[in-house]
Amino acid sequence: MAKKLEKVDVVVVGSGWAGGIVSAELSKAGYKVVMLERGKDQTRSDFIGVKDELRYTNRHEMIEKLTGDTITSRVSIGDAALPVRLQKDMNTGTDLGGGSMHWAGSVYRWRSYDFEIRSKTIERYGEGKIPEGMQIRDWGITYDELEPYYAKWEQTAGISGEPDPLGDKRSNEYPNPPMLASPAIKLFKESAKEIGLHPYQMASGNMSQTYTNPDGETLNQCMFCSFCTMYGCDFGSKSDPLATVIPTARKTGNCEIRTNSLVRRVIHKDGKATGVLYTDTRTGQEFEQPADVVVLAAFTFSNNRLLMLSDIGEIYNPETRKGTIGRNFTGQFNSTFLGATGFFNDKKFNYYMGAGGLGGAVSDYDADLFDHTDLDFIHGGGIELRQYGDAAIKNNFVPKGTPTWGEEFKEKSLFYAFRTLTVWYSAAVMPWWHNFMDLDPTYKDEFGDPLLRITNKLTEQDKNIAKFGIEKCTEIVEAMGADIIDQDELPDQFDHAYEGMHYIGGVAMGEDPETSAVNNYLQLWEMENLFVVGGSALPHFSSHHPTPTIGALSYRAAEGIEKYLKESGGLLTKPKSSSVKA
Ligand SMILES: Cc1cc2nc3c(=O)[nH]c(=O)nc-3n(C[C@H](O)[C@H](O)[C@H](O)COP(=O)(O)OP(=O)(O)OC[C@H]3O[C@@H](n4cnc5c(N)ncnc54)[C@H](O)[C@@H]3O)c2cc1C
Ligand code: SF4
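All values reported here derive from a predicted model rather than from experimental measurement. Note on numbering: residues in each chain are counted from 1, in written sequence order. Each chain gets a letter, beginning with A, and each ligand a number, beginning with 1, in the order they are written. Side-chain atom pairs in this predicted model are given and counted only at pLDDT of 80 or more, local residue features only at pLDDT of at least 70, and totals for whole chains, interfaces and linings cover all residues. Hydrogens and water are ignored here; the side-chain numbers use all heavy atoms of the structure.

Caption draft 1: Expanded view of the packing of aromatic side chains. Ring pairs shown here join Phe, Tyr and Trp side chains whose ring centres sit within 6.5 Å, with only the six-membered ring taken for Trp; geometry is labelled stacked below 30 degrees between planes, edge-to-face above 60, and tilted in between. In the structure shown here, the tally under the stated rule is 33 aromatic pairs. Relative to Trp-153, the ring of Trp-103 has its centre 6.4 Å away and its plane inclined at 65°; by these criteria the two rings are edge-to-face. Pair noted here: Trp-103 is in the loop between strand 5 (82-83) and strand 6 (106-107) and Trp-153 is in helix 5 (residues 143-157), with a separation of 50 residues, a long-range link. As far as the burial class goes, Trp-103 and Trp-153 line up, both buried. Each residue in the set Phe-299, Phe-301, Phe-329, Phe-333, Phe-494, Tyr-498 and Tyr-503 is aromatic and connected to the rest through ring pairs, giving one cluster. In this arrangement the basic side chain of Lys-129 is found over the ring face of Tyr-125, its NZ or CZ atom lying 5.5 Å from the centre. By definition, any uninterrupted DSSP run of H or I lasting at least four residues is a helix, any uninterrupted run of E lasting at least two residues is a strand, and each is numbered from the N terminus. Buried, partly exposed and exposed residues are distinguished by accessible area as a fraction of the type maximum, computed with a 1.4 Å probe on protein chains only: under 20%, between the cut-offs, and over 50%, respectively. Two conditions define a charge sitting above a ring: the NZ of Lys or the CZ of Arg must be within 6 Å of the ring centre, and it must be within 35 degrees of the ring normal.

Caption draft 2: Structural context of the environment of Tyr-316. Note on placement: Tyr-316 falls in the loop between helix 8 (299-309) and strand 15 (327-331). Take Tyr-316: its relative accessible area is 2%, and that puts it in the buried class. Distance in space between the C-alpha atoms of Tyr-316 and Thr-300 is 15 Å, their sequence separation being 16 residues. Not counting chain neighbours up to four residues away, the residues in contact with Tyr-316 comprise Gln-135, Arg-321, Lys-322, Gly-323, Thr-324, Ile-325, Gly-326, Arg-327, Trp-433 and Phe-436. The term polar contact refers here to a pair of N or O atoms within 3.5 Å; inside protein, the definition further demands a hydrogen-donor-capable atom paired with an acceptor-capable atom, and it admits residues adjacent in sequence only when both atoms are side-chain atoms. In this structure the side chain of Tyr-316 is engaged in a polar contact, spanning 3.3 Å, whose partner is the side chain of Gln-135. Here Trp-433 takes part through its backbone oxygen, which lies 2.8 Å from a polar atom of the side chain of Tyr-316. Here, two residues are considered to be in contact whenever any of their heavy atoms come within 4.5 Å of each other.

Caption draft 3: Focus on the site of ligand 2. Neighbouring ligand 2 are 14 residues, the closest being Cys-222, Cys-225, Cys-228, Cys-233 and Phe-235. Counting atoms within 2 Å of the grid points, the majority share of ligand 2 lands in the second largest cavity. Looking at the shell around ligand 2 residue by residue, the classes come out as 9 nonpolar, 4 polar and 1 charged. Think of it this way: one heavy atom of a residue within 4 Å of a molecule or strand is enough to make that residue near it. Here the term cavity refers to a set of points on a 1 Å grid, laid over the protein atoms alone, in which a 1.4 Å probe fits but cannot get out; the term pocket refers to an open set having protein on both sides within 12 Å along at least five of seven lines, with lining residues being those that place an atom within 4 Å of a point. If over half the atoms of a molecule are within 2 Å of the grid points of a cavity or pocket, the molecule is regarded as sitting in it. Under the grouping applied here, Gly and all other residues not named as nonpolar or charged are polar, the nonpolar ones being Ala, Val, Leu, Ile, Met, Phe, Trp, Tyr, Cys and Pro and the charged ones Asp, Glu, Lys and Arg.

Caption draft 4: Structural detail: the sheet that holds strand 20 (residues 436-444). One open sheet accounts for 4 strands, arranged 5-4-21-20; its pairing is mixed. Each of the sheet's edge strands pairs with one partner strand only, and the pair in question is strand 5 and strand 20. Summarising the sheet, strand 20 and strand 21 (residues 450-455) pair through 5 bridges and their orientation is antiparallel. Note on strand 21: the bridge partner recorded for Asp-438 is Arg-453. In short, DSSP must find at least two bridges between two strands for them to pair.

Caption draft 5: Main features of the sheet that holds strand 7 (residues 199-201). The 6 strands lie next to each other as 7-17-18-19-16-22, forming an open sheet whose pairing is antiparallel. The sheet is open, and its two borders are formed by strand 7 and strand 22 (484-487), each paired with just one other strand. Going across the sheet, the axis of each strand differs from the next one's by a mean of 20°, ignoring polarity. Summarising the sheet, strand 17 (residues 359-362) and strand 18 (residues 381-386) pair through 4 bridges and their orientation is antiparallel. By the bridge assignment for strand 18, Gly-359 is matched with Arg-386. To get an axis, fit a line to the C-alpha atoms, keeping to the stretch in contact for a helix; angles then go from 0 to 180 degrees between the N-to-C directions. Helix-sheet contacts for helix 10 (residues 460-479) involve strand 16 (338-343), strand 18, strand 19 (420-427) and strand 22, and the interaxial angle to strand 16 is about 25°.

Caption draft 6: Spatial organisation of the site of ligand 1. As a structural note, the neighbourhood of ligand 1 is formed by 40 residues, with Glu-37, Arg-38, Ser-100, Ser-302 and Thr-547 the closest of them. The contact in question runs from an oxygen atom of ligand 1 to an N or O atom on the backbone of Gly-98, over 3.4 Å. When isolated, ligand 1 has an accessible area of 1000 Å², and the protein chains bury 97% of it. Here the residues of the shell around ligand 1 are counted per class, giving 16 nonpolar, 20 polar and 4 charged. Per-residue and other accessible areas follow the Shrake-Rupley method at a 1.4 Å probe size, with only the shown protein chains counted as cover for residues.

Caption draft 7: Focus on empty space enclosed by the protein. Grid points are joined across faces, edges and corners, and a volume is the space filled by probe spheres set on the points. By the definition in use, this model includes 2 cavities of 30 Å³ or more. The space that makes up the largest cavity amounts to roughly 200 Å³. Lining the largest cavity are 17 residues; nearest its centre among them are Arg-109, Arg-111, Asp-164, Gly-167 and Tyr-174. Looking at the lining of the largest cavity, its residues break down into 8 nonpolar, 2 polar and 7 charged. In this structure, the second largest cavity occupies an estimated 100 Å³ of space.

Caption draft 8: Representation of helix 9 (residues 406-416). Of all the residues in helix 9, the buried ones are Phe-409, Ser-413 and Tyr-416. Within helix 9, the buried residues cover an arc of 85° as seen down the axis, which keeps them to one side. Of the exposed residues in helix 9, the ones pointing more than 90 degrees away from its buried face are Glu-407, Lys-410, Glu-411 and Leu-414. Here the buried face of helix 9 lies against strand 16, strand 19 and strand 22. By definition, the arc is the one covered by directions from the helix axis to the C-beta atoms.

Caption draft 9: Structural view of the side chain of Asp-390. Summarising the element assignment, Asp-390 is placed in the loop between strand 18 and helix 9. In this view, Asp-390 contacts Tyr-351, Tyr-352, Asn-395 and Phe-397; residues no more than four positions away in its chain are not counted.

Caption draft 10: Focus on the packing of helix 5 against helix 11 (residues 547-566). At a minimum axis separation of 8 Å, helix 5 and helix 11 run at an interaxial angle of 110°. With respect to their mutual orientation, helix 5 and helix 11 come out roughly perpendicular. Where helix 5 abuts helix 11, its residues Leu-146, Tyr-149, Tyr-150, Lys-152, Trp-153 and Thr-156 lie against Thr-547, Pro-548, Thr-549, Gly-551, Ala-552, Leu-553, Tyr-555, Arg-556 and Glu-559. For the contact of helix 5 with helix 11, a count of residues per class yields 8 nonpolar, 4 polar and 3 charged. The scheme is simple: roughly parallel for angles under 35 degrees, roughly antiparallel for over 145, roughly perpendicular for 65 to 115, oblique for anything else.

Caption draft 11: Structural context of the nonpolar core. The set of buried Ala, Val, Leu, Ile, Met, Phe, Trp, Tyr and Cys residues whose side-chain atoms join them within 4.5 Å is what this entry labels a nonpolar core. Core analysis: the biggest nonpolar cluster contains 108 residues, and Phe-301, Tyr-498, Leu-524 and Leu-530 have the highest contact counts within it. When residues in this core are grouped by element, the largest group, 8 residues, is from helix 11. Judged by nonpolar contacts, the second largest core, of 32 residues, contains Ala-184, Leu-187, Leu-385 and Met-480.

Next comes the structure, spelled out in structure tokens:
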């Protein structure tokens, strides 16, 4: 029998960027907040002395253990799905701060085209350009409406950057100047410019200088230590929840954070959420935490699974194309991040230094910034050269055709260790009727609850966009003067690897409750005191990483929850019925 706790104003599930922002904003506004996190507590000092490639990059110290709860994966309806058990194949976070602690920090706003993708595509090319079954829709919010929230997140996170010359209108500069450009990045930018493109220094969540954000949290200048992606930052130089929103929430005195608290159900009665049921993972004790408002901010997979397990909303059925929970699943798979690698005989680059978000970028082939009339795909991708910093094990590049062992391998591996640069195309991925999430009929977690099942198939659109991107990256690597160029190969089909945490949808936003689950405050249409925040709300995957858009929408959701509490309820946005069932 679960122990019933005292009611609070808001219970938030998850402590990453999404949960952290909502908790900080509502506790600053004076509401009593409880934040529940399934993983353990951690502090900055836990990251001191852990620059250990084997432990973190190869053995995935900060990644969720996948022995109990995980997802199952299949390509086609009708296939049996199998559980994903290797951490290299799914890098979801756990512990205080979530996956937002081991992210890289590359920062891009999504484009005005994204938010009105269906209307803008039809306006320019006609309805025939959108293939049957591609479930793109306008989001119910425009870029201009979301822009102030992007700006707010950038200020909190202390983003370092310079505006993209082809970017949408901005209300202000980034709070910090761009990171320094290394020789590799300079070569990339100069070469891209020579062939008529518009390169710039990508924006980053690694600090170019010491910075104090509007909430009074100080982040330190980045050391370019290169142990950044998949690691926590011991210098306090990466914008993450432990450096920003979590201390902000804590110091209000209104936010109680409970770690080791695995939420297993949203409890509801008469169409309203009344709280959540959670288990203390150390003792097995069950608790009920009642609240006026429930916020799920537990990353795409848990957000979807918790709704499905709690019997809230209708699970998407691909046969009838009805139901909104689990619909519009997408993300970046093995057809994205493909490009070309150059091997240089007479140039050397020091890749032992770097930072997760250090790099150069080009947007000329992104979104609808180029003409798609004669192309067999919509949207596009961003081109990047990243200087993450490669530690000793990773820094082992050889041209295609080199034997994988022996004298020739050793010789080339040593020669090319500092002479290799990769340029990739971070391609957008559209939602399709046949790609979705539901509950697995076979596999269960340690509590006997069904795992989340993902069905995901690559399409011709994905392959065509990737092929185009590989060619564009090759042109840049050629201009950079590489002596050998290896192009990435197109995959035949999805390989069940969910690397990174670029997975979205399932509780996607929109204007029409028939096809969308939440409105533009991320309030569930059918349960007005339940807000589902994070990547689960994004209806398609744009060309770049999702976190700034998740951050912006989290600020918007926090504003909506405050409004909801002040105005004593009601839907914050009026639903609109759409004739196009996207
Ligand atoms: C290696 C890597 C590199 C990345 N690099 C970038 C990048 O450069 N740029 C970018 O924009 N994005 C990047 N990302 C993506 C980025 O990390 C995510 O977009 C971001 O962390 C999402 O924030 P969130 O708050 O929604 O989820 P999270 O930060 O994952 O937080 C969710 C929290 O919910 C908790 N939780 C889940 N289920 C439950 C439950 N049932 N009960 C209680 N708690 C629960 C989890 O433990 C977790 O702490 C990267 C991701 C990875 C893995
Ligand atoms: S590269 Fe910079 S931001 Fe990343 S972990 Fe090192 S010091 Fe921190």
